[in-house]
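# Reading the structure
The residues making up each chain are set out below.
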Amino acid sequence: MTSPRSQVLLSTCFVSSFTSKVLTPKYLSSTIPCPSSARMSVPAVTFVTGNKNKLREVSQILNADSSQTPFTITSQKVDLPELQGDPDDIVREKCRIAVGERSRALTLVEDTCLCFNALKGLPGPYIKWFWDRLGHDGLNQMLAGFDDKSAYALCTFAYSSGKAGTEPIVFSGATEGKIVPPRHSPNGKAFGWDPIFEPAGFDQTFAEMDKETKNSISHRFKALAKVREHLTKEFSD
Ligand SMILES: O=c1[nH]c(=O)c2ncn([C@@H]3O[C@H](COP(=O)(O)OP(=O)(O)OP(=O)(O)O)[C@@H](O)[C@H]3O)c2[nH]1
Ligand SMILES: [Mg+2]
(Lines give C-alpha, C1' and ligand atoms only; values in the text may rest on other atoms or scores of the structure.)
(Ligands and ions follow the chains in the order given, each with its own letter.)
Protein backbone atom coordinates (compact mmCIF):
# COMPACT_ATOMS: atom_id res chain seq x y z
CA MET A 1 0.00 0.00 0.00
CA THR A 2 1.25 3.44 -0.78
CA SER A 3 -1.70 5.55 0.37
CA PRO A 4 -0.87 7.44 3.55
CA ARG A 5 -4.48 7.03 4.63
CA SER A 6 -4.65 3.28 4.16
CA GLN A 7 -6.62 1.65 6.95
CA VAL A 8 -5.97 -1.01 9.54
CA LEU A 9 -9.12 -2.83 10.56
CA LEU A 10 -9.61 -3.35 14.29
CA SER A 11 -12.41 -5.70 15.23
CA THR A 12 -13.49 -5.24 18.84
CA CYS A 13 -14.61 -8.51 20.33
CA PHE A 14 -16.87 -8.04 23.38
CA VAL A 15 -16.17 -10.64 26.06
CA SER A 16 -18.62 -11.38 28.86
CA SER A 17 -16.39 -11.77 31.94
CA PHE A 18 -19.23 -13.05 34.11
CA THR A 19 -20.99 -16.12 32.81
CA SER A 20 -24.05 -14.88 34.73
CA LYS A 21 -24.08 -11.69 32.68
CA VAL A 22 -24.88 -12.60 29.13
CA LEU A 23 -24.16 -9.53 27.08
CA THR A 24 -26.00 -8.89 23.87
CA PRO A 25 -23.69 -9.06 20.85
CA LYS A 26 -22.96 -5.59 19.66
CA TYR A 27 -21.02 -4.29 16.73
CA LEU A 28 -19.48 -0.89 16.70
CA SER A 29 -17.65 0.97 14.02
CA SER A 30 -15.04 3.55 14.73
CA THR A 31 -11.68 4.74 13.53
CA ILE A 32 -8.25 4.62 15.14
CA PRO A 33 -5.75 7.29 14.13
CA CYS A 34 -2.06 6.76 13.57
CA PRO A 35 0.56 9.07 12.07
CA SER A 36 -0.51 10.14 8.59
CA SER A 37 3.00 9.57 7.29
CA ALA A 38 2.68 5.85 7.93
CA ARG A 39 2.20 3.49 4.98
CA MET A 40 0.34 0.39 6.11
CA SER A 41 -1.13 -2.84 4.88
CA VAL A 42 -4.67 -3.72 5.95
CA PRO A 43 -4.61 -6.28 8.80
CA ALA A 44 -7.61 -6.97 11.01
CA VAL A 45 -6.96 -6.58 14.76
CA THR A 46 -9.56 -7.89 17.21
CA PHE A 47 -9.92 -5.94 20.47
CA VAL A 48 -11.46 -8.39 22.94
CA THR A 49 -13.36 -6.95 25.91
CA GLY A 50 -16.62 -7.47 27.75
CA ASN A 51 -16.66 -3.88 28.97
CA LYS A 52 -18.64 -1.40 26.90
CA ASN A 53 -17.13 1.58 28.75
CA LYS A 54 -13.60 0.45 27.89
CA LEU A 55 -14.65 0.01 24.30
CA ARG A 56 -16.21 3.48 24.20
CA GLU A 57 -13.08 5.10 25.64
CA VAL A 58 -10.76 3.19 23.30
CA SER A 59 -12.85 4.38 20.36
CA GLN A 60 -12.90 7.97 21.62
CA ILE A 61 -9.16 8.05 22.34
CA LEU A 62 -8.17 6.57 19.03
CA ASN A 63 -10.48 8.92 17.14
CA ALA A 64 -9.45 12.04 19.01
CA ASP A 65 -7.12 13.39 16.32
CA SER A 66 -8.75 13.58 12.90
CA SER A 67 -5.44 14.58 11.30
CA GLN A 68 -4.17 11.03 11.78
CA THR A 69 -4.84 8.01 9.63
CA PRO A 70 -8.07 6.26 10.71
CA PHE A 71 -8.29 2.66 11.80
CA THR A 72 -11.66 0.87 11.77
CA ILE A 73 -13.13 -0.74 14.93
CA THR A 74 -15.98 -3.25 15.14
CA SER A 75 -17.12 -5.15 18.24
CA GLN A 76 -18.63 -8.48 19.32
CA LYS A 77 -18.97 -10.23 22.71
CA VAL A 78 -17.68 -13.68 23.79
CA ASP A 79 -16.67 -15.15 27.20
CA LEU A 80 -13.20 -14.93 28.83
CA PRO A 81 -12.15 -15.69 32.45
CA GLU A 82 -10.97 -13.22 35.11
CA LEU A 83 -7.36 -14.14 35.98
CA GLN A 84 -5.12 -13.58 39.03
CA GLY A 85 -1.50 -12.51 39.40
CA ASP A 86 0.86 -9.90 38.04
CA PRO A 87 -0.86 -7.44 35.64
CA ASP A 88 1.53 -8.23 32.75
CA ASP A 89 1.09 -11.99 33.22
CA ILE A 90 -2.69 -11.60 33.48
CA VAL A 91 -2.98 -9.65 30.26
CA ARG A 92 -0.59 -11.96 28.36
CA GLU A 93 -2.64 -14.99 29.37
CA LYS A 94 -5.88 -13.13 28.59
CA CYS A 95 -4.48 -12.47 25.13
CA ARG A 96 -3.45 -16.11 24.57
CA ILE A 97 -6.97 -17.24 25.56
CA ALA A 98 -8.57 -14.60 23.34
CA VAL A 99 -6.46 -15.64 20.36
CA GLY A 100 -7.45 -19.27 20.95
CA GLU A 101 -11.14 -18.50 21.46
CA ARG A 102 -11.51 -16.27 18.48
CA SER A 103 -8.95 -17.82 16.12
CA ARG A 104 -8.14 -14.30 15.04
CA ALA A 105 -4.73 -13.50 13.64
CA LEU A 106 -4.28 -10.13 15.35
CA THR A 107 -5.69 -9.73 18.86
CA LEU A 108 -5.71 -6.95 21.43
CA VAL A 109 -6.93 -7.27 25.04
CA GLU A 110 -6.75 -4.96 28.05
CA ASP A 111 -6.77 -5.32 31.84
CA THR A 112 -7.22 -2.45 34.29
CA CYS A 113 -5.94 -2.13 37.87
CA LEU A 114 -6.65 0.43 40.58
CA CYS A 115 -3.73 0.36 43.03
CA PHE A 116 -3.69 1.93 46.51
CA ASN A 117 -0.16 2.82 47.58
CA ALA A 118 -0.97 2.38 51.28
CA LEU A 119 -2.00 -1.19 50.47
CA LYS A 120 1.12 -1.92 48.43
CA GLY A 121 -0.77 -1.87 45.15
CA LEU A 122 -3.94 -3.70 46.15
CA PRO A 123 -6.70 -4.09 45.05
CA GLY A 124 -4.76 -3.85 41.77
CA PRO A 125 -6.07 -6.40 39.25
CA TYR A 126 -8.80 -7.43 41.72
CA ILE A 127 -10.46 -4.02 41.63
CA LYS A 128 -13.37 -5.45 39.66
CA TRP A 129 -14.43 -7.64 42.59
CA PHE A 130 -13.68 -5.02 45.26
CA TRP A 131 -15.67 -2.38 43.37
CA ASP A 132 -18.51 -4.83 42.75
CA ARG A 133 -18.76 -5.86 46.43
CA LEU A 134 -17.76 -2.67 48.28
CA GLY A 135 -18.70 0.21 45.99
CA HIS A 136 -17.30 3.73 46.30
CA ASP A 137 -17.80 4.05 50.07
CA GLY A 138 -16.27 0.66 50.81
CA LEU A 139 -13.20 1.45 48.72
CA ASN A 140 -12.80 4.71 50.65
CA GLN A 141 -13.21 2.81 53.93
CA MET A 142 -10.31 0.53 53.01
CA LEU A 143 -8.05 3.58 53.33
CA ALA A 144 -9.71 5.00 56.46
CA GLY A 145 -6.82 3.94 58.69
CA PHE A 146 -4.14 5.44 56.43
CA ASP A 147 -3.02 9.03 55.87
CA ASP A 148 -1.79 8.04 52.42
CA LYS A 149 -4.76 8.13 50.04
CA SER A 150 -2.59 8.09 46.92
CA ALA A 151 -3.37 5.59 44.19
CA TYR A 152 -2.73 4.95 40.54
CA ALA A 153 -4.83 3.63 37.69
CA LEU A 154 -2.96 1.17 35.52
CA CYS A 155 -4.05 0.04 32.07
CA THR A 156 -2.26 -2.85 30.38
CA PHE A 157 -2.89 -3.93 26.80
CA ALA A 158 -1.54 -7.14 25.25
CA TYR A 159 -1.29 -7.53 21.51
CA SER A 160 -0.68 -10.75 19.58
CA SER A 161 0.09 -11.01 15.90
CA GLY A 162 -1.24 -14.57 16.14
CA LYS A 163 1.92 -15.95 14.51
CA ALA A 164 3.05 -19.36 15.82
CA GLY A 165 5.83 -19.13 18.38
CA THR A 166 5.24 -15.47 19.21
CA GLU A 167 4.30 -14.15 22.63
CA PRO A 168 1.83 -11.31 23.26
CA ILE A 169 3.48 -7.89 23.57
CA VAL A 170 2.49 -5.78 26.59
CA PHE A 171 1.91 -2.00 26.70
CA SER A 172 1.15 -0.20 29.98
CA GLY A 173 0.04 3.25 31.02
CA ALA A 174 -0.47 4.63 34.53
CA THR A 175 -2.10 7.77 35.91
CA GLU A 176 -1.29 8.86 39.46
CA GLY A 177 -3.93 10.32 41.75
CA LYS A 178 -5.73 9.84 45.02
CA ILE A 179 -8.85 8.16 46.37
CA VAL A 180 -11.56 10.63 47.45
CA PRO A 181 -15.19 10.40 48.59
CA PRO A 182 -17.34 9.95 45.47
CA ARG A 183 -17.95 13.02 43.31
CA HIS A 184 -20.05 12.53 40.18
CA SER A 185 -20.73 14.55 37.09
CA PRO A 186 -24.27 15.92 37.02
CA ASN A 187 -24.53 14.50 33.49
CA GLY A 188 -24.73 10.82 32.77
CA LYS A 189 -23.79 7.61 34.54
CA ALA A 190 -20.22 7.25 35.76
CA PHE A 191 -17.83 4.51 34.69
CA GLY A 192 -16.98 2.23 37.69
CA TRP A 193 -14.63 3.82 40.20
CA ASP A 194 -14.19 7.07 38.22
CA PRO A 195 -16.11 9.07 40.92
CA ILE A 196 -13.49 8.25 43.61
CA PHE A 197 -10.32 8.73 41.54
CA GLU A 198 -8.93 12.28 41.42
CA PRO A 199 -5.89 12.43 39.13
CA ALA A 200 -2.86 14.36 40.41
CA GLY A 201 -2.87 18.02 39.38
CA PHE A 202 -6.66 18.18 38.97
CA ASP A 203 -9.42 19.16 41.36
CA GLN A 204 -11.97 16.95 39.61
CA THR A 205 -12.47 13.21 39.72
CA PHE A 206 -12.39 11.23 36.47
CA ALA A 207 -16.21 11.18 36.70
CA GLU A 208 -16.49 14.98 36.99
CA MET A 209 -14.20 15.67 34.03
CA ASP A 210 -15.47 15.95 30.51
CA LYS A 211 -14.57 12.84 28.55
CA GLU A 212 -12.02 14.68 26.42
CA THR A 213 -10.04 15.64 29.53
CA LYS A 214 -10.11 12.13 31.01
CA ASN A 215 -9.18 10.66 27.63
CA SER A 216 -6.18 12.97 27.31
CA ILE A 217 -4.59 12.03 30.67
CA SER A 218 -5.91 8.58 31.49
CA HIS A 219 -4.09 5.30 32.06
CA ARG A 220 -5.91 4.01 28.96
CA PHE A 221 -4.77 6.95 26.82
CA LYS A 222 -1.13 6.43 27.85
CA ALA A 223 -1.19 2.70 27.15
CA LEU A 224 -3.01 3.12 23.84
CA ALA A 225 -0.39 5.61 22.65
CA LYS A 226 2.16 2.78 22.93
CA VAL A 227 -0.13 0.29 21.18
CA ARG A 228 -0.68 2.72 18.33
CA GLU A 229 3.03 3.40 17.98
CA HIS A 230 3.72 -0.34 17.81
CA LEU A 231 0.97 -1.07 15.26
CA THR A 232 2.08 1.84 13.13
CA LYS A 233 5.65 0.51 13.03
CA GLU A 234 4.56 -3.10 12.49
CA PHE A 235 2.38 -2.27 9.50
CA SER A 236 4.42 0.53 7.90
CA ASP A 237 6.48 -0.28 4.84
O1 LIG B 1 -13.95 3.92 36.82
C2 LIG B 1 -13.33 3.25 36.02
N3 LIG B 1 -12.56 3.90 35.09
C4 LIG B 1 -11.80 3.27 34.17
O5 LIG B 1 -11.12 3.90 33.35
C6 LIG B 1 -11.85 1.84 34.20
N7 LIG B 1 -11.26 0.89 33.46
C8 LIG B 1 -11.68 -0.29 33.94
N9 LIG B 1 -12.51 -0.09 34.98
C10 LIG B 1 -13.13 -1.11 35.83
O11 LIG B 1 -12.09 -1.79 36.54
C12 LIG B 1 -12.30 -3.20 36.50
C13 LIG B 1 -11.22 -3.78 35.62
O14 LIG B 1 -11.42 -5.15 35.38
P15 LIG B 1 -11.07 -5.75 33.94
O16 LIG B 1 -9.89 -5.08 33.37
O17 LIG B 1 -11.03 -7.22 34.07
O18 LIG B 1 -12.31 -5.29 33.05
P19 LIG B 1 -13.65 -6.04 32.60
O20 LIG B 1 -13.73 -7.42 33.15
O21 LIG B 1 -14.79 -5.16 32.88
O22 LIG B 1 -13.48 -6.13 31.01
P23 LIG B 1 -12.58 -7.15 30.16
O24 LIG B 1 -11.70 -7.90 31.11
O25 LIG B 1 -13.53 -8.03 29.46
O26 LIG B 1 -11.81 -6.28 29.22
C27 LIG B 1 -13.71 -3.38 35.94
O28 LIG B 1 -14.64 -3.33 36.99
C29 LIG B 1 -13.86 -2.16 35.04
O30 LIG B 1 -15.22 -1.78 34.87
C31 LIG B 1 -12.64 1.21 35.16
N32 LIG B 1 -13.37 1.90 36.04
MG1 LIG C 1 -12.09 -8.70 32.97
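Conventions adopted
- Residues numbered from 1 in each chain as written.
- Chains lettered and ligands numbered in written order.
- Predicted model: local features only at pLDDT ≥ 70, side-chain atom pairs only at ≥ 80, totals over all residues.
- UniProt positions renumbered as here; feature names shortened; annotations may be inferred.
- Axes fitted to C-alpha atoms, helices over the stretch in contact; angles between N-to-C directions.
- Helix = DSSP H or I, 4+ residues; strand = E, 2+ residues; numbered from the N terminus.
- Parallel < 35°, antiparallel > 145°, perpendicular 65-115°, else oblique.
- Left-handed = near helix turned anticlockwise from the far one by under 90°.
- Contact = placed C-beta atoms within 7 Å.
- Nonpolar A, V, L, I, M, F, W, Y, C, P; charged D, E, K, R; others polar.
- Buried ≥ 20, exposed ≤ 12 C-beta atoms within 10 Å, placed from the backbone.
- Pairing = 2+ DSSP bridges.

An unreviewed UniProt entry lists the protein chain under the name Inosine triphosphate pyrophosphatase, with Griffithsia japonica as the source organism. Reading the Subunit (unreviewed entry) entry of the UniProt record for the protein chain gives the comment "Homodimer." Regarding the protein chain, the UniProt comment filed under Sequence similarities (unreviewed entry) reads as follows: "Belongs to the HAM1 NTPase family."

### Quick notes on the packing of helix 1 (residues 52–62) against helix 5 (residues 219–235)
Between helix 1 and helix 5, whose axes approach to 10 Å, the crossing angle comes to 60 degrees. One element, helix 1, and the other, helix 5, form an angle in the oblique class. Along this stretch, helix 1 crosses helix 5, giving a crossing that reads as right-handed. Residue-level contacts link E57, V58, I61 and L62 of helix 1 to R220, F221, L224 and R228 of helix 5. Split into classes, the residues belonging to the contact of helix 1 with helix 5 amount to 5 nonpolar, no polar and 3 charged.

### Re the pairing of strand 5 (residues 106–116)
Of all 11 residues making up strand 5, 11 are buried, and the element is well covered by its neighbours. The alternating pattern of strand 5 places L106, L108, E110, T112, L114 and F116 on one face and T107, V109, D111, C113 and C115 on the opposite face, and all of these are buried. Direction of pairing for strand 5 relative to strand 7 (residues 150–160): antiparallel, over a ladder of 10 bridges. Along strand 7, the bridge assignment pairs F116 with A151. In the sheet, strand 5 pairs with strand 6 (residues 123–124) via 2 bridges, with the strands oriented antiparallel. Pairing of C115 across the sheet is with P123, part of strand 6. Connecting strand 5 to the antiparallel partner strand 6 that follows it, the hairpin turn spans 6 residues, and K120 within it adopts a positive phi of roughly 55 degrees.

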